[in-house]
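For reference, the chains in residue letters:
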Amino acid sequence: MRDQIIDILKHEALWAGDFLVLPEGSQPTVEKTPACAMHLPTHSVEADADSPEQILDTIREEIGDCKRCPLFNTRANIVFGEGNPNAIIMFVGEAPGAVEDRTGKPFVGPAGRLFTDIVEKGMGLKRSDVYIANILKCRPPGNRDPLPDEIAECIGFLKEQILAIRPEVIIALGRIAAQNLLEIKTPISRLRGNLKEFMGIKVMPTYHPSYLLQNPSKKRDVWEDIKKVLKYLGLPIPQPQR
Ligand code: SF4
């Protein structure tokens with residue numbers, strides 16, 4: 001009981017009461033259901049029997065030591081993406097930051113820690129249950145916004161990853177991810193909270209964890225968006241422990 005109370009206090013300190021902790025042992029099992037494939041487009045690599053993992057490996061090979069846009073000049077590592085190849089939830093962010101560039105892993109800097117809390121403490125899932133990727137695979141210098149030409153060169157790889165994984169829901173983190181997936185210019189403040197569709201897959205736009213670090217009051221909005229995703233998927237919505 002004491003550990004649970006400490007967990008709750010830590011959690012509430014982090015989320016200012018906006019996100020809730022699942023009781024230990026009550027994390028939902030996340031399995032892809034056959035229904036998830038029903039509304040998805042046919043992928044060209046579907047004809048063979050390659051698993052999502054094998055297809056992802058092929059995409060990574062295709063990227064190689066990519067020099068398709070000028071970002072190869074300044075990157076340390078290509079950040080391909082990581083997670084469960086059979087995930088029903090996929091997160092798409094904007095581009096690697098400094099720590100991601102250094103490590104080659106997505107969402108591992110300060111915003112990445114907040115992201116992990118959203119998944120594990122907020123949604124009650126494991127980070128390894130979901131798949132994480134970005135619109136760009138190389139870091140724009142100084143974390144500037146990706147340029148249209150860079151996105152045009154790179155986004156095809158992300159689309160291939162999405163088709164390989166075939167998630168039931170994509171959570172688009174931030175303006176760049178949401179606007180480029182949905183190919184619209186609507187501000188993220190108006191996009192968020194409404195399920196959209198991309199390649200036959202539901203997309204929930206919400207704020208990026210980096211933005212939440214600067215604007216903690218927006219965590220409540222993100223939690224509302226996350227709850228809609230959990231409800232759509234039929235997953236349990238965490239309740240506060242009393
Ligand atoms: S951002 Fe994408 S297109 Fe540009 S160099 Fe990196 S992997 Fe290639």
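In what follows, the structure referred to is the one given above.
Below is a summary of the structure that appears in this document. Since we're looking at a predicted model, the values are computed, not measured.

Moving on, we come to the sheet that holds strand S4 (residues 169–173). With mixed pairing, the six strands of this open sheet are ordered in space as S1-S3-S2-S4-S6-S5. Where the open sheet ends on each side, the last strands, each with one partner, are strand S1 (82–83) and strand S5 (196–198). Direction of pairing for strand S2 (residues 89–93) relative to S4: parallel, over a ladder of four bridges. Note that in S4 the partner of Val 92 across the bridge is Ala 172.

This part covers the site of the ligand. What surrounds the ligand is the set Cys 66, Arg 68, Cys 69, Leu 71, Phe 72, Arg 75, Lys 137, Cys 138, Glu 153 and Cys 154. Tallied by class, the residues present in the shell around the ligand amount to six nonpolar, no polar and four charged.

One finds Ile 89, Met 90, Phe 91, Leu 158, Ile 170, Ile 171 and Leu 181 to be the most contacted residues of the largest nonpolar core, which totals 63 residues. At eight residues, the largest contribution of residues to this core is made by helix H5 (residues 148–165). Those residues within four positions of Ile 170 in sequence are excluded, and the remaining contacts are Met 90, Val 92, Ile 162, Leu 181, Phe 198, Ile 201, Lys 202, Val 203 and Met 204.

Below, the discussion takes up the environment of Lys 202. In this fold, Lys 202 is placed in strand S6 (residues 201–206). Sequence separation between Lys 202 and Glu 168 is 34 residues, and the spatial gap between their C-alpha atoms is 6.5 Å. Discounting residues that sit within four places of it in the chain, Lys 202 has contacts with Glu 168, Val 169, Ile 170, Leu 195, Lys 196, Glu 197 and Tyr 232. At 3.1 Å, the side chain of Lys 202 forms a polar contact with the side chain of Glu 197.

Glancing now at the pattern of salt bridges. Evaluated as defined, the whole model comprises nine salt bridges. The shortest N-O distance in the salt bridge between Glu 82 and Arg 127 comes to 3.0 Å. Residue Glu 82 is located in strand S1, and its partner Arg 127 is located in the loop between helix H4 (110–122) and strand S3 (131–134); the two are separated by 45 residues in the primary sequence. Residue classification places Glu 82 among the partly exposed residues on the basis of a relative accessible area of 23%. Among the ionic pairs, Asp 117 bridges to Lys 121, the shortest N-O distance being 3.8 Å. Placement of both Asp 117 and Lys 121 in helix H4 is noted, with a separation of four residues, approximately one turn of the helix. Sharing partners across several salt bridges, the network here consists of Glu 82, Lys 105 and Arg 127.

Parameters and conventions
- Residues numbered from 1 in each chain as written.
- Predicted model: local features only at pLDDT ≥ 70, side-chain atom pairs only at ≥ 80, totals over all residues.
- Heavy atoms only, no water.
- Pairing = 2+ DSSP bridges.
- Helix = DSSP H or I, 4+ residues; strand = E, 2+ residues; numbered from the N terminus.
- Near = heavy atom within 4 Å.
- Nonpolar A, V, L, I, M, F, W, Y, C, P; charged D, E, K, R; others polar.
- Core = buried A, V, L, I, M, F, W, Y, C linked by side-chain atoms within 4.5 Å.
- Buried < 20%, exposed > 50% of the residue type's maximum accessible area, 1.4 Å probe, protein only.
- Contact = heavy atoms within 4.5 Å.
- Polar contact = N/O pair within 3.5 Å; in protein donor to acceptor, adjacent residues only side chain to side chain.
- Salt bridge = Lys/Arg side-chain N within 4 Å of Asp/Glu carboxyl O.

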